Structures are given as structure tokens and as C-alpha cells.
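Observations on the three-dimensional arrangement
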Amino acid sequence: MQRRQFLRASSAAAATLGFPAVWGSARAAKTIQLKFDSYISESAGPSQLDEWFLKELEKRTNGEVKVRRYWAQSLNKVGEHLAAVRDRTSEMSLISPGYYQAQLPVTRGLEWYYRMNRADALQLVCRDLYQQFEPLRREWEERYRAKVMYWTNWYYAPLVTREPIRSIADIKGKRIRGYGVANDVIERLGGTAVPMAAPEVYTALERGVLDGVYGFDFITAVAYKLHEIAPHFTAIGDGPHGPSATIINKRVWDGFPEPVKAVCDQIVSEIYGGKYTEIFDKAARQYVATAKKEGAIFSTLPEAEQAMARQLIQPAQVNAWLERVAKPAKIDGSAMQQLIEAAVAKHDPAGRLLRFDELAAQG
């Protein structure tokens, strides 16, 4: 399709979807080349969502936008992607805030466990907060010159261990890999948190350096074959894992023609409208089947043990962020957390993305 035809067709589509009919006046001088950069592999859960977005963007713009993908640290290394997007070393990237704890103090207010139940609801909680809490937007858009294209997360994180975990007491003294605020969970439950980058985890388990892993989402844990060494996958009642964001450089976004922005906005609305849930549910079911076939053992802590864990974690975890992070950074943490409470109350009851242990129990 010629560019002029694309713009005319897009204008009609925009009107149908409720977008402003601005296509005819916004013309790209040439094909838009976009670099997408991720520290994780294509098989990881968030990557499947990102790849769907990128394919749809290319398809719906009839090739007017072309994306070069750099997976698995092939362009920038873990911990470099936030600055890379800011400086346009890359233009679009998945950001997991746990790797940027000093750089993203406001966003850290979205990192907690034992506060809600469903991962698809957490995605909407993050979306609402980005819209409602100006300091959160400023952290991304002013400090790092990036627009959050859409929020995502890492599904649910099992406690993956060599030995079975039947109670909180079984965690005591175990050396467990953590990530971000997951390290706090491990420590509060009596374990010894061992911060470690994801690519090192399999070897550490194999050598006995670790007794288990936490802060690895289920899909990635199976993709990394952790169950070959640590076959016990336990749901500990902690809720969804690892809020993350797929971001784009703000100048790149501002330079997009309005028709391209409209296409992006429509794809994002579909992500929030159920595509995230669809993609993660399909992937989780496939990985549950694979893990069971390859010897993984699924279990869920008894409700009384989950309640005990919740009392150990909350509200202490949120209060620690308020005192140690929000207050020194002059963030109105109480206002942010009140908005979060309202968003959780609104979205969590409607969440429907099943956990790995619930899927495993279906047979």
C-alpha cells in the first residue's frame, strides 16, 4: 500500500475507533525505523506480549513502522536499558524496576507482595496510577525522557526449591535467589536472600549455591529449566509478581505522526482490554503441561500458612517504602498508596488470570 493510501485508510479507521481524524495532515517523511531492546529472551512471558505489540504495530501500519528486535541483552546488558532509552541507544525497551531501585523511587511504590490476587488486575492498577499520580509520570517522562507505552508484569512467581515447602518454617535458613522487593519477602519469611542475575541461577542451583529461587516468574522458571534441579513449585499466597513497563523514548514518541500514535493507542487499549490475559493464560497452560511432563511438583501453602506469611509481609513492606524511600525522596507516599488501595479494590475482584498451581490442579 502506498503511503497516501495508508494515511487515507488509517484516517477512516481512526474515525471508526473514535480517534481524531488527523491522518491526512500527519505525514511521515520516510519509513519509521524503531529499535526495541530487551534484556530477556523471546520465550519469557513479557516478551510474548511485547512481540505481539510489535507485530501488530508493523501490520496495522502496513510496514510504515519497522522494528528491529534485540533480545536477550544483544544490544544492552541488564541494568542498562533505562539509560539506553533515555539516551536513545535504544528507543523502546522492557523495564523491570527491580533492577533500577535507586533510579525509580516512585515506581518502587508499585512493588509489593501479599496485597492483591490477580496479575491481570495488577496491570490495570499500574495503568491507573500512571494516569492519576503525577510524580509517577514525571519520574518516567521528565527524569528518563520516556513514555510508558503500557504496563505489564511477570505473572506469578512460585517458590522454586529442591525440597518441598509445606510451611513457612520450611523456608527458614534456606538460601534463595531473589529479585527486587522479593528479597525482602525471603528475609521476612526466614530465608537468606541471595541477589543474583537470572542467567546465573541455573548454575547456582546446580552447584548447590542456592536451595531455591524466588522472584522468577513461573513461565521463565520453566523456560530456564529450573525444575530439572529444583522440581518443587509452591504457591505461597503472595499474589502477582514484578510490575514492569514497556517504554519508548519520549522524543521518538512525540515525533510519530498522529496516525501512528493512534495505532499504538488502539493496540495498547486491546492489551489492557484482555490481550495480556489471553497471552499469559495460553503461555502458562503450555508451560504447566511441559513442567508436569518433565517432573515438576506443584503445591500450594495451606491458607493458615499464607495468612501467617501475609502478616509478616504487610503492611511492613509498604511502610518500609514509605519511610526509607518515599520520605527521603519527598514523595507523597501516603497519597500514592491510597490511590493504589482504591485501584486494587476496583480491579482485583474482576481479575481472572489463573495461577500456575490452579492450572496444574485442573489436570
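Just above sits the structure.
The notes below deal with the structure included here. (Residues numbered from 1 in each chain as written. Predicted model: local features only at pLDDT ≥ 70, side-chain atom pairs only at ≥ 80, totals over all residues. Heavy atoms only, no water.)

1. Describing the side chain of Ser90
For clarity, the cut-off: The way it works is that DSSP assigns letters per residue, a run of H or I at least four long becomes a helix, a run of E at least two long becomes a strand, and they are numbered from the N terminus. When accessible area is computed with a 1.4 Å probe and restricted to protein chains, residues below 20% of their type maximum are described as buried, those above 50% as exposed, and intermediate ones as partly exposed. Whether two residues are in contact is decided by their heavy atoms, any of which lying within 4.5 Å being enough.
Considering the arrangement of structural elements, one finds Ser90 in the loop between helix 3 (81-87) and strand 3 (92-95). Under the relative-accessibility criterion, Ser90 is labelled buried at 0%. Those residues in contact with Ser90, other than ones at most four positions away along the chain, are Lys35, Asp37, Leu75, Asn76, Ala84 and Val85.

2. Structural notes on the side chain of Ser167
Among the structural elements, Ser167 can be located in the loop between strand 5 (159-161) and strand 6 (175-178). In this structure Ser167 comes out as buried when scored by relative accessible area, which is 15%. Excluding its chain neighbours within four sequence positions, the residues that come into contact with Ser167 are Leu301 and Glu305.

3. A look at the sheet that holds strand 3
So the rule is basically this: One requirement defines pairing of two strands: DSSP has to find at least two bridges between them. Fitted lines through C-alpha atoms serve as axes, helices being fitted only where they are in contact, and the angles separating the N-to-C directions of these axes extend from 0 to 180 degrees.
With mixed pairing, the 5 strands of this open sheet are ordered in space as 2-1-3-10-4. Each end of this open sheet is capped by a strand with a single partner; those strands are strand 2 (65-70) and strand 4 (146-153). In this sheet, adjacent strand axes meet at a mean angle of 20 degrees when their direction is disregarded. Pairing of strand 4 with strand 10 (residues 243-249) involves 7 bridges; the strand directions are antiparallel. When the bridges of strand 10 are listed, Val148 appears paired with Ile247. Against the sheet, helix 4 (residues 119-132) touches strand 4 and strand 10, its axis set at about 160 degrees to strand 4. Helix 5 (residues 134-143) rests against strand 3, strand 4 and strand 10 of the sheet, and its axis sits at about 120 degrees to strand 4.

4. What to know about helix 10 (residues 258-293)
We apply this condition: Multiplying one less than the number of residues by 1.5 Å gives the expected span of a helix. In this scheme, the bend at a residue equals the angle between the axes fitted to the seven residues that finish there and the seven that begin there.
Helix length check: helix 10 (36 residues) gives 49 Å between terminal C-alpha atoms against 52 Å at 1.5 Å per residue, within 8%. Along helix 10, the sharpest kink reaches roughly 60 degrees, centred on Gly274. Positioned one or two residues after helix 10, Gly295 has a phi angle of 100 degrees, which is positive.

5. With respect to the packing of aromatic side chains
Spelled out, the test is: The criterion for an aromatic pair is that two Phe, Tyr or Trp rings (for Trp, the six-membered ring) have centres within 6.5 Å, with stacked assigned to planes under 30 degrees apart, edge-to-face to planes over 60 apart and tilted to the rest. Note on geometry: a ring has a charge over it if NZ (lysine) or CZ (arginine) is within 6 Å of the ring centre and within 35 degrees of the ring normal.
All chains considered together, the criterion is met by 17 aromatic pairs. Judged by centre distance (5.6 Å) and plane angle (45 degrees), the ring pair of Tyr113 and Tyr214 falls under tilted. Pair noted here: Tyr113 is in the loop between strand 3 and helix 4 and Tyr214 is in the loop between strand 8 (212-213) and helix 8 (218-223), with a separation of 101 residues, a long-range link. In this structure, Tyr113 and Tyr214 share a single accessibility class: buried. A ring pair is formed by Tyr130 and Trp151, whose centres lie 6.0 Å apart and whose planes are at 65 degrees; its orientation type is edge-to-face. Residue Tyr130 is located in helix 4, and its partner Trp151 is located in strand 4; the two are separated by 21 residues in the primary sequence. Each member of the aromatic cluster is reached from another via a ring pair, and the members are Tyr155, Tyr156, Tyr276 and Phe280. For Arg115, the ring lying beneath its charged end belongs to Trp112, and the centroid distance is 4.9 Å.

6. Some remarks on unusual backbone geometry
Note on backbone geometry: most residues besides glycine have negative phi, and most peptide bonds are trans. At the junction of Gln314 and Pro315, the peptide bond is cis and its omega measures out at 5 degrees in the coordinates. In this structure, Pro315 sits in the loop between helix 11 (303-313) and helix 12 (316-326). The residue Tyr155 is not glycine, and still its phi comes out positive at about 65 degrees. By secondary structure assignment, the location of Tyr155 is in the loop between strand 4 and strand 5.

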